[in-house]
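Working through the structure, step by step
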Amino acid sequence: MDEDIVEKLLDPRSPLNVESLLDTVVALVTDLKLPVLMRMKNIDLFVKRYQSVVDELAKARISYKHFKQLKVIGRGAFGEVQLVRHVETKKVYAMKLLCKEDMMKRSDSAFFWEERNIMAHADSEWIVKLHYAFQDEKFLYLVMDYMPGGDLVNLMQMYETSEKWTRFYTAELIEALCALHGMGYIHRDVKPDNMLVNRSGHIKLADFGTCVRMNENGVVRCSTAVGTPDYISPEVLRNQGQDAEFGREVDYWSVGVFIYEMLYGETPFFKDSLATTYANIMDHENSLKFPEDVVISENAKHLIRSFLSSVDKRLGRNGVQEIKAHPFFKNNDWTWETLRNATPPVIPELRSDDDTSHFEVMTTESRRETTDGFQLPRTFNGNQLPFIGFTYSNELSPIQKLKNGLMN
Ligand SMILES: CN(C)[C@H]1CCc2nc(NC(=O)c3cccc([C@H]4CCCN4C(=O)Nc4cccc(C#N)c4)c3)sc2C1
């Protein structure tokens with residue numbers, strides 16, 4: 001077998017890689033194993049021949065049963081995040097489940113590729129790492145770093161965040177966005193919910209479902225306004241529907257909202273209704289107010305105004321250096337080079353490796369037990385096809401080990 005095919009089989013980014021090919025066999029047998037289809041001889045024989053292969057694969061590949069579910073620590077539109085412990089290694093992870101049926105029903109089954117690829121390939125201390133991605137008939141699973149410090153929403157509820165604290169978390173957010181933009185992605189939903197605290201107190205970006213790749217000019221053409229109302233930039237709002245272009249500056253707008261929220265305890269444009277909130281964002285020149293009863297420095301006000309401005313005047317449009325040079329970040333505790341080694345404002349107190357005290361307790365039990373999965377379709381509709389190639393492991397596959405053995 002010539003060399004470059006072997007390369008493709010082993011390259012986690014190649015659609016030809018072994019995991020994708022195995023996903024294909026499993027998906028095909030799963031989608032064909034319908035009574036109505038099994039009446040056809042070819043299908044009946046194929047499924048009978050490959051069912052044993054699929055069963056063997058299910059045993060050999062990573063699956064849900066390799067993990068012990070400890071607690072549900074988060075919920076999102078299409079699933080939940082569980083704290084789990086790997087049965088063999090005893091290591092603790094955050095495992096995100098995304099329900100295939102929900103995605104198929106709302107024909108929304110492509111957003112998870114960015115999440116998978118960014119966390120798999122980032123190799124950055126600012127981005128939550130993906131250890132494994134796998135799937136079964138009902139769910140996609142993302143096995144990621146557990147971030148025991150919880151998210152910054154929780155931290156802002158627990159503590160009064162001073163300018164000193166705001167300087168630290170904003171600087172870490174800027175570095176994290178730098179890493180993500182450097183990979184060619186815009187986040188589009190930057191908010192404290194997506195900033196998680198690790199055991200040392202430093203933050204990482206998480207939840208990349210709204211990310212989108214920039215083109216070679218560093219812009220994105222897409223019409224759907226994605227993101228959370230309070231943090232969404234005017235240019236994304238204005239261009240809803242039309243095909244407009246926007247760039248990484250949309251994330252810098254959200255940084256401005258985040259700084260305001262850390263210092264004032266509320267977001268600048270939020271009003272009782274969505275329509276009013278949008279109207280305030282569109283009219284930010286007039287609606288942005290700094291409450292008199294909270295004293296903040298002129299540098300902080302200036303920085304907030306520089307981010308919460310129209311895109312042609314927004315700080316960061318000429319590159320991240322002009323953000324880093326802003327006087328608000330001047331301090332005696334860290335420099336941009338030493339930031340990741342500086343002592344964070346809050347170091348989570350943890351009693352054990354599975355301590356979930358920094359997450360709010362989830363009342364209802366896991367969706368996994370209560371989801372009944374697809375009702376049997378009437379004919380072949382390729383329910384499993386959109387998910388082929390999702391499976392990933394950051395460990396060497398048996399073939400890689402073999403190849404490395406042969407090479408050296
Ligand atoms: C509209 N279309 C286009 C898509 C736009 C983007 C998108 N994102 C979705 N996302 C979800 O359905 C989802 C599911 C579970 C948890 C979470 C987050 C929200 C709550 C916590 N969370 C999360 O990812 N937590 C997390 C992540 C990593 C580590 C740790 C830890 N410790 C915790 C999100 S559904 C969907 C539709």
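Residues numbered from 1 in each chain as written. Predicted model: local features only at pLDDT ≥ 70, side-chain atom pairs only at ≥ 80, totals over all residues. Heavy atoms only, no water.

What follows is about the sheet that holds strand S4 (residues 130–135). Read across the sheet, six strands follow the order S1-S2-S3-S5-S4-S12 without closing on themselves; strand pairing throughout is antiparallel. Each of the sheet's edge strands pairs with one partner strand only, and the pair in question is strand S1 (67–76) and strand S12 (392–393). Bridge count for S4 against S12 is two bridges, and the pairing is antiparallel. When the bridges of S12 are listed, Ala133 appears paired with Tyr392. (Pairing = 2+ DSSP bridges. Helix = DSSP H or I, 4+ residues; strand = E, 2+ residues; numbered from the N terminus.)

This part covers the site of the ligand. In the neighbourhood of the ligand, 22 residues make up the surrounding shell, with Arg75, Phe78, Lys96, Asp108 and Met147 lying closest. Interatomic distance of 2.8 Å between a backbone N/O atom of Phe78 and an oxygen atom of the ligand. A distance of 2.9 Å is found between an oxygen atom of the ligand and a side-chain nitrogen or oxygen belonging to Lys96. A total of 770 Å² of accessible area belongs to the ligand in isolation, and the protein chains cover 79% of it. Breaking the shell around the ligand down by element, the ones donating at least two residues are S1, strand S2 (79–86) and strand S3 (92–99). Grouping the constituent residues of the shell around the ligand by class yields 13 nonpolar, three polar and six charged. (Near = heavy atom within 4 Å. Polar contact = N/O pair within 3.5 Å; in protein donor to acceptor, adjacent residues only side chain to side chain. Areas by Shrake-Rupley, 256 points an atom, 1.4 Å probe, with all protein chains shown as cover. Nonpolar A, V, L, I, M, F, W, Y, C, P; charged D, E, K, R; others polar.)

The N-to-C vectors of helix H8 (residues 163–182) and helix H10 (residues 249–264) enclose an angle of 160°; their axes lie 10 Å apart at closest approach. As judged from the angle between their axes, H8 and H10 are roughly antiparallel. Along this stretch, H8 crosses H10, giving a crossing that reads as right-handed. Within the contact between the two elements, H8 uses Glu163, Thr166, Tyr169, Thr170, Leu173, Ile174, Leu177 and His181 and H10 uses Asp251, Tyr252, Val255, Phe258, Ile259, Met262 and Leu263. (Axes fitted to C-alpha atoms, helices over the stretch in contact; angles between N-to-C directions. Parallel < 35°, antiparallel > 145°, perpendicular 65-115°, else oblique. Left-handed = near helix turned anticlockwise from the far one by under 90°. Contact = heavy atoms within 4.5 Å.)

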